[in-house]
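Coordinate analysis (summary)
Take a look at the letters that make up each chain.
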Amino acid sequence: MRKVYLDYSATTPVKQEVLDEMIPYFTEKFGNPSSLYEIGAEAKETIMKAREQVAQLIGAKPQEVVFTSCGSESDNWALTSAAHWKRAQGNHIITTKIEHHAVLHTCQALEKEGFSVTYLNVKPDGRIDLQELADAITEKTILISIMMVNNEMGAIQPVKEAAAIAKKHGVLFHTDAVQAAGNVPIDVEELGVDMLSLSAHKIYGPKGIGAMYIRRGVALPPLIHGGAQEMKKRAGTENVPYIAGFGKAAEIARRQLAEHAERLTELRDYFISQVQKNIPYVDVNGGMEHRHPGNANLAFNFIEGESLLLMLDYYGISVSTGSACSSKSLEPSHVLAALGVPVEKIHGSLRFTIGDFTTKEDLDYTVECLVKIVEKLRALSPISAEKGWN
Ligand SMILES: *Cc1c(COP(=O)(O)O)cnc(C)c1O
C-alpha cells in the first residue's frame, strides 16, 4: 500500500547527507571534544563547523549559538533563566495563547513561582495585534516570548515589529523559531530578537538536538550547570554526531530555502484547492497570507477529526489533529480555540503538513481517500449541513 507522510511539522526524516555526516562520530571519531589529543580536537572542530552552519541559517555570529538537547530545552531555558535573572526588575511576562506547550507550560510553572503572565489573543488569521502587545507592557514586564511560526496552523507572527516594541521598553525578547527555520528566512539582526529557539528534527536533522541563539551582550544564566562546555552556557558532554548532523541540516536548509518554500507553497495550495473542489463544507483554519508554506489546517465540518485521522491511517496516510504533543489528549486544540474556531469545528479539524519528500501524487492519493472517507463519515454523522450547525 502507498505510504503518505503529511506530518512534517511533527517531525521530518533525516536526510541521507545528514546521516552520512553523523555516522563517523559514533565510531572512529568518538572523542570527547574537551580532550586535548587528536580525536578530541577533531570533535571540537566539528562542533565549531556546525555552530557556524547553524549561525549562518539565522544570520548570527557563531559565538551566539549554543547547542541544547532539543527545542523544548531552548524554550525552557530562555523563559526560566530570563525570568529568574530579571526577577529584581519585575515579575511580568508576555506571550501568546498559541505558543507551543514548551513555552506555555514553562509559563505556567513560572506562574506557580509568583510570576504573572499575559497571554495575548490572536486574530482569526492567527496573528497577534501589535497594539495589544504594546498595551500589555507594564513597568514590571521583563520578558516577551512570541513564536515566529505556529506549529498547528502556520501563522507567521510580526516578530520584527514585536521585538522593536520590546526593545523600546527595554524588555528582553525571545522567539520560538522551531517551525520557522528552513521554511521562512530568519535574520536575527533584522529581527532584533535577544533569544531564538531552534530544533534539528524539524529541518531534516536528528531528534534530540536543538540550539539557542543568544544575542552578544545578553548574559543569560545557564539552565544546565556542570562543565565548561558550550562557552560555559550549557554544561554536558556535547552530542557530537547530532551536532554534526544539525550543522549539515542547517546548511542544506539555508541553501534550499527559497526553492523549498516555493515548492511547498505550490503543493499546499494545490492540495487545498483539490480538497475544496471535491469535498463540500471544508474550511481553512487561519489566514493564507502570512502562513508556513507547507501548512494546510483544514476543518471538515460535520465529522470527527479523530475518526478521519484513523481512517486515513488505514489508507497509509499520516496526518495529525494538532500538535503531536497534545494529540493524545482529546482536549480541543488551544491554538484553534484562540483563533475563535467553534469547538465542533475544532473537532473536525486536521493538520496536513507538506515537506521535501511530498509529491503531487501523494496529494492526489490523499484527496481521493479523503473524498471516500468524508462521505462515509458524514453519512454516519448525527449532524450535517441539512440537520444543523454551520
Ligand atoms: C517541535 C516544536 C518544539 C519542540 O522542539 P523539540 O525539539 O521537539 O523539543 C517547540 N516549538 C515548536 C513551535 C515546535 O514545533
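Residues numbered from 1 in each chain as written. Predicted model: local features only at pLDDT ≥ 70, side-chain atom pairs only at ≥ 80, totals over all residues. Heavy atoms only, no water.

Observations regarding the site of the ligand
Note the following rule: Distances are taken per atom, and a residue is near a molecule or strand as soon as one of its heavy atoms is within 4 Å of it. As used in this structure description, the phrase polar contact means that two N or O atoms lie within 3.5 Å; if the pair is within protein, one of them must be able to donate a hydrogen and the other to accept it, and residues adjacent in sequence are counted only when both atoms belong to side chains. Classes in brief: Ala, Val, Leu, Ile, Met, Phe, Trp, Tyr, Cys and Pro nonpolar; Asp, Glu, Lys and Arg charged; the others, Gly included, polar.
As a structural note, the neighbourhood of the ligand is formed by 13 residues, with Ser72, Asp176, Gln179, Ser199 and Lys202 the closest of them. At 2.8 Å, a backbone N or O of Gly71 approaches an oxygen atom of the ligand. Its residues placed into classes, the shell around the ligand shows 3 nonpolar, 7 polar and 3 charged.

Description of the packing of helix H9 (residues 305-314) against helix H12 (residues 360-380)
Just so we agree on the cut-off: Axis lines are fitted through C-alpha atoms, for helices just across the contact stretch, and the angle between N-to-C directions can take any value from 0 to 180 degrees. Counting from the N terminus, the helices are DSSP H or I runs at least four residues long and the strands are E runs at least two residues long. An angle below 35 degrees is treated as roughly parallel, one above 145 as roughly antiparallel, one from 65 to 115 as roughly perpendicular, and anything else as oblique. For a crossing to be left-handed, the near helix must be turned anticlockwise from the far one by less than a right angle; the clockwise case is right-handed. Should any heavy atoms of two residues lie within 4.5 Å, those residues are considered in contact.
Two elements in contact, H9 and H12, have axes whose closest approach is 10 Å; the angle formed by their N-to-C orientations is 135 degrees. When the axes of H9 and H12 are compared, the pair comes out oblique. The chirality of how H9 crosses H12 is right-handed. Taken together, the residues of H12 that come into contact with H9 (itself represented by Ser307, Leu308, Met311 and Leu312) are Cys369, Leu370, Ile373, Val374, Lys376 and Leu377.

Quick word on a nonpolar patch on the surface
Here is the rule we go by: Residues enter a patch when their relative accessible area is above 30% and they make no salt bridge; the linking distance is 9 Å between like charges and 5 Å between nonpolar side chains (Val, Leu, Ile, Met, Phe, Trp, Tyr). Residue burial considers only the protein chains on display, and all accessible areas are found by Shrake-Rupley using a 1.4 Å probe. One side-chain nitrogen of Lys or Arg within 4 Å of one carboxyl oxygen of Asp or Glu is enough to make a salt bridge. Partly exposed residues are those whose accessible area sits between 20% and 50% of the maximum for their type, while under 20% is buried and over 50% is exposed, using a 1.4 Å probe and protein chains only.
Among the surface-exposed residues, Val14, Leu19, Ile23 and Phe26 lie close enough to one another that they form a single nonpolar patch of about 320 Å² accessible area. By secondary structure assignment, the location of Val14 is in the loop between strand S1 (4-5) and helix H1 (16-22). What makes Val14 partly exposed here is its relative accessible area of 35%.

Side note on unusual backbone geometry
In this structure, Tyr204 is a non-glycine residue whose phi angle is positive, near 70 degrees. Take Tyr204: it is sitting in the loop between strand S7 (195-199) and strand S8 (210-214). The backbone of Glu230 sits at a positive phi, close to 50 degrees, despite the residue not being glycine. Among the structural elements, Glu230 can be located in the loop between S8 and helix H8 (240-278).

Side note on the pairing of S7
Where we set the bar: A pair of strands counts as paired when DSSP detects no fewer than two bridges linking them.
Buried residues dominate S7, accounting for 5 of its 5 residues. Neither face of S7 is exposed, since Met195, Ser197 and Ser199 on one face and Leu196 and Leu198 on the opposite face are all buried. Bridge analysis of strand S6 (residues 172-176) against S7 gives 3 bridges, and the strand direction is parallel. Looking at the pairing, Thr175 lines up with Leu196 of S7. Of the strand pairs in this sheet, S7 and S8 are connected by 5 bridges, and their pairing is antiparallel. Looking at the pairing, Ser197 lines up with Met212 of S8.

Here's the deal with the pattern of salt bridges
Following the criterion strictly, the structure yields 15 salt bridges and no others. Glu230 serves as the salt-bridge partner of Arg51, at 2.8 Å between the closest nitrogen and oxygen. Placement of the pair is Arg51 in helix H2 (residues 38-58) and Glu230 in the loop between S8 and H8, with a sequence separation of 179 residues. Residue Arg51 shares its accessibility class with Glu230, and that shared class is buried. A salt bridge links Lys160 to Glu190, with the nearest nitrogen and oxygen atoms 3.9 Å apart. Residue Lys160 is located in helix H6 (residues 159-168), and its partner Glu190 is located in helix H7 (residues 188-191); the two are separated by 30 residues in the primary sequence. With a relative accessible area of 41%, Lys160 lands in the partly exposed category. Among the ionic contacts, a cluster of salt bridges with common partners joins Lys61, Glu64, Glu189, Asp194 and Arg215.

Quick notes on the domain arrangement of the protein
Let me state the cut-off plainly: The split of the chain into domains comes from an automatic or database domain assignment. Accessible area that two parts lose when put together, with a 1.4 Å probe and added across both, is what the buried area reports.
Segmentation of the protein into domains returns domain 1 (4-11 + 257-384) and domain 2 (16-253). Placing the centre of domain 1 and that of domain 2 at their C-alpha centroids yields a distance of 28 Å. Buried surface at the junction of domain 1 and domain 2, summed over both partners, amounts to about 2500 Å²; 54% is from carbon and sulfur atoms. At the boundary of domain 1 with domain 2, the tally comes to 0 salt bridges. Run the count over domain 1 and domain 2 and you get 16 residue pairs in polar contact (both at pLDDT 80 or more). Mapped onto the side of domain 1 that touches domain 2, the elements with two or more residues apiece are H8, strand S10 (295-300) and helix H10 (334-338). Each residue belonging to the side of domain 1 that touches domain 2 can be placed in one class, and the counts come to 12 nonpolar, 16 polar and 3 charged.

Description of the environment of Leu339
Topologically, Leu339 is positioned in the loop between H10 and helix H11 (343-347). A sequence separation of 310 residues divides Leu339 from Lys29, and the C-alpha atoms of the two residues are 49 Å apart. Apart from the residues lying within four places of it in its own chain, the contact partners of Leu339 are Val122, Lys123, Pro124, Gly126, Met153, Asn285 and Gly286.

A short note on the sheet that holds strand S2 (residues 65-68)
The mixed open sheet is built from 7 strands, whose spatial order is S2-S8-S7-S6-S5-S3-S4. Sheet topology places S2 and strand S4 (116-120) at the edges, where each strand pairs with a single neighbour. Going across the sheet, the axis of each strand differs from the next one's by a mean of 20 degrees, ignoring polarity. Bridge analysis of strand S5 (residues 141-145) against S6 gives 3 bridges, and the strand direction is parallel. Looking across to S6, one finds that Ser145 is bridged to His174.

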